[in-house]
Amino acid sequence: MLIKSLAAEWLKMRKSYIWSILAALPAVSILIGTANYYANKSVLTNGWYSLWTQVSLFYGEFFLPVLIAICCAYLCRLEHFNKNWYQVMTAPVSRSAIFISKLAIAGIMMLIVQAFFLLLYFCAGKVLGLASPFPIETVGWMSRGLYASIAISAVQLALSIRIRSFAVPIGISICAAFIGLGMYVMKLGMFYPYSLLTIGIGALSQESLTIAENGLFLAMNSLFIVIVSAIAIRYLSKRDVVA
Amino acid sequence: MKAILLEFYKLRRKRVFLMIVLFLLVEISWAFLSVSMAMSRNPDKAGWEGIVVTIASMNGLFLPILSAVVVSRISDMEHTGNTWKLLMAASLPRSRIYAAKYACACLLMLLAMILLSIAIATFGLANGFAQPLPLSLLLRFVSGTMLANMAVIALQQWISSAVKNQAFGLGLGMVGGFIGMTADLFPEAVRRIFVWSYYTGLSCVTYKYENGTMEFVTRSVEPALPLAVVLMGGAVYLIGSIHMSRKEE
């Protein structure tokens, strides 16, 4: 049942133009971050790490949360059109399969975005002629960023299922990202999904997380994914949909 | 006028105003926190210029996205309800309908600007700034920001009306916000190509670095800059209006 739901979700996304947006936003982040690094090369002397500070700052702080929100709103957009929620809810698939399949597709899209961003970062470093070896920490930043993206995806999907408007959940995401920045500054980042992305991706601090911090990071993200998914599935099961 | 009122009537239960207030709350909270921290470090630099310039630079990020959200709400209700055909069959020229939607978005953003100015004034008065409330400075701030907003709204409205998939409009708003925030890092010639750079470009207060310290300087904006925004905004509005008037729904 879940496989069929996944196939149906993938079918909706496969030939959509959303991919051009998914490619454009990381590209803009890399382009501006690289230009800024090049302009301030005399101050930014730590090679790949300095380049990472420039490209990941705005990407991890603002672009990625909004990109996730756009993906999630898009995943629910078709259902909000032409009374399609009625069709989805009367299909012989469980409510949890509907939500989990959407979340899985959002996760796959984020994986592709992260891989593309990493590739662009590598190319930017090579174009700038960075001689030092490629930092292995980027794999950790990217994978932690991906896991935090899935937690945010769960929140955004829940919002996009509940709110019919395409724009409102995206607006909420930018506000939430800013609140996340405040939570990070107040050292409460581990308890808020949008700050977990900042921590995971190393947007503001490139220091490695300790084993305990990594454990807490994984636990908090898992907790957010489970709780928010349970709330969203319960909402789909208990409330009458308004298509 | 009736067409504009009808646009507001359609929006009455869309909670657009709530969205605007939420956005502004986040923006002003962040700006006031930042200015309060700066004031506690340098109490002698506490003044209206600091808060105006901070808000102006944050507007570069927030207002393109807020404009995209507001315009998307106004256009998407027609896409979602399949009402473009109905609207275009009304006994009104299509250009008037397009103009009414544009005016509605501009008025909503003007309201946001007024709220922002009230917040700035309240912050300054609450913190006991030495200078009296600079009404002319606030007026210049609102008019400069609103001019940039009008050009951005023209672009967003074209995209949001022409492309049913609102992801494009909001993606553009996001890119605009990013450019608006980082515009001051670009060379002058490059910066002026992007309409989002004018949020800081038309600001009546700017930063100036002298002997390693940052000063806030009040300036008079060169007449070429507002003219450039009006030309860009006007051109995009006309293209959008003509395109939507001739488009088969």
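Up top is the structure these notes are about.
Residues numbered from 1 in each chain as written. Chains lettered and ligands numbered in written order. Predicted model: local features only at pLDDT ≥ 70, side-chain atom pairs only at ≥ 80, totals over all residues.

Participant: Describe the overall build of chain B, and please don't skip the residues or the numbers.
Facilitator: A tally of helices and strands in chain B yields ten helices and two strands. Ordered by position from the N terminus, the helices and strands of chain B form the series α-α-α-α-α-α-α-α-α-β-β-α. A compact globule built from 249 residues would reach a C-alpha radius of gyration of about 18 Å, and chain B, at 19 Å, matches this within 12%. Counting only C-alpha atoms, chain B reaches 60 × 40 × 30 Å along its principal axes. (Helix = DSSP H or I, 4+ residues; strand = E, 2+ residues; numbered from the N terminus. Rg over C-alpha atoms; globule rule 2.2 N^0.38 Å.)

Participant: Go over the overall build of chain A with me, naming the residues and quoting the values.
Facilitator: Within chain A, the secondary structure is distributed over nine helices and zero strands. Helices and strands appear in chain A in the N-to-C order α-α-α-α-α-α-α-α-α. Relative to the 2.2 N^0.38 estimate, which gives 18 Å for 243 residues, the radius of gyration of chain A is 19 Å and therefore close to what a compact globule would have. Seen through its principal axes, chain A has C-alpha atoms that stretch 60 × 40 × 30 Å. Counting the 243 residues in chain A, one finds 47% classified as buried. (Buried ≥ 20, exposed ≤ 12 C-beta atoms within 10 Å, placed from the backbone.)

Participant: Which residues make up the environment of Ala 99 of chain B, and what values do they have?
Facilitator: All names here are of chain B. Mapped onto the elements, Ala 99 comes out in helix H5 (residues 94-126). Residue Ala 99 is classed as partly exposed on the basis of its C-beta count, with 16 C-beta atoms lying within 10 Å. Sequence spacing of Ala 99 and Ser 241 is 142 residues, and the spatial spacing of their C-alpha atoms is 7.8 Å.

Participant: Requested: an account of unusual backbone geometry, with residues and values cited.
Facilitator: We note that Lys 187 of chain A has phi near 65 degrees; this positive angle belongs to a residue other than glycine. Phi is positive for Asn 82 of chain B, which is not a glycine, with a value near 50 degrees. If you trace the backbone, Asn 82 of chain B turns up in the loop between helix H3 (48-80) and helix H4 (84-88).

Participant: I'd like a rundown of the interface of chain A and chain B, residues and numbers included.
Facilitator: Every contact between the two is made by 26 residues of chain A and, on the other side, 22 residues of chain B. Looking at the side of chain A that touches chain B, the elements that each hand over two or more residues are helix H2 (18-39), helix H3 (47-80) and helix H7 (167-185) of chain A. For the side of chain A that touches chain B, the class distribution of residues is 22 nonpolar, four polar and no charged. (Contact = placed C-beta atoms within 7 Å. Nonpolar A, V, L, I, M, F, W, Y, C, P; charged D, E, K, R; others polar.)

Participant: How would you explain the pairing of strand S2 (residues 213-218) of chain B if you had to name every residue and give the values?
Facilitator: Residue and element names in this part refer to chain B. Sparse coverage of S2 is indicated by the burial of zero of its six residues. For strand S1 (residues 205-210) and S2, the ladder comprises six bridges, and the chain directions are antiparallel. Looking across to S2, one finds that Thr 206 is bridged to Val 217. (Pairing = 2+ DSSP bridges.)

Participant: I'd like a rundown of the packing of H5 of chain B against helix H6 (residues 135-162) of chain B, residues and numbers included.
Facilitator: All names here are of chain B. One can describe the packing of H5 onto H6 by two numbers: an axis separation of 9 Å at closest approach and a directional angle of 150 degrees. Taken together, H5 and H6 sit at an angle that is classed as roughly antiparallel. Crossing of H5 against H6: the hand is right-handed. Contacts between H5 and H6 involve Lys 101, Tyr 102, Ala 105, Cys 106, Met 109, Leu 110, Met 113, Ser 117, Ile 120 and Ala 121 on the former and, on the latter, Leu 138, Val 142, Thr 145, Met 146, Asn 149, Met 150, Ile 153, Ala 154 and Gln 157. (Axes fitted to C-alpha atoms, helices over the stretch in contact; angles between N-to-C directions. Parallel < 35°, antiparallel > 145°, perpendicular 65-115°, else oblique. Left-handed = near helix turned anticlockwise from the far one by under 90°.)

Participant: Could you give me a rundown of the packing of H3 of chain B against H6 of chain B, with the residues and numbers involved?
Facilitator: All names here are of chain B. In the contact formed by H3 and H6, the axes pass within 9 Å of each other and the chain directions differ by 25 degrees. The orientation of H3 relative to H6 falls into the category roughly parallel. The chirality of how H3 crosses H6 is right-handed. Contacts from Trp 48, Val 52, Ala 56, Asn 59, Leu 63, Pro 64, Ser 67, Ala 68, Val 71, Ser 72 and Ser 75 of H3 reach H6 at Leu 137, Phe 141, Thr 145, Asn 149, Val 152, Ile 153, Gln 156, Gln 157, Ser 160 and Ser 161. Grouping the amino acids of the contact of H3 with H6 by side-chain chemistry returns eleven nonpolar, ten polar and no charged.

Participant: Break down helix H6 (residues 137-162) of chain A for me, citing the residues and quoting the values.
Facilitator: In this model, H6 of chain A (26 residues) spans 38 Å end to end at C-alpha, consistent with the 38 Å of a helix rising 1.5 Å per residue. Burial analysis of H6 of chain A places 19 of its 26 residues in the buried class, which makes it a mostly covered element. (Expected span 1.5 Å × (residues − 1).)

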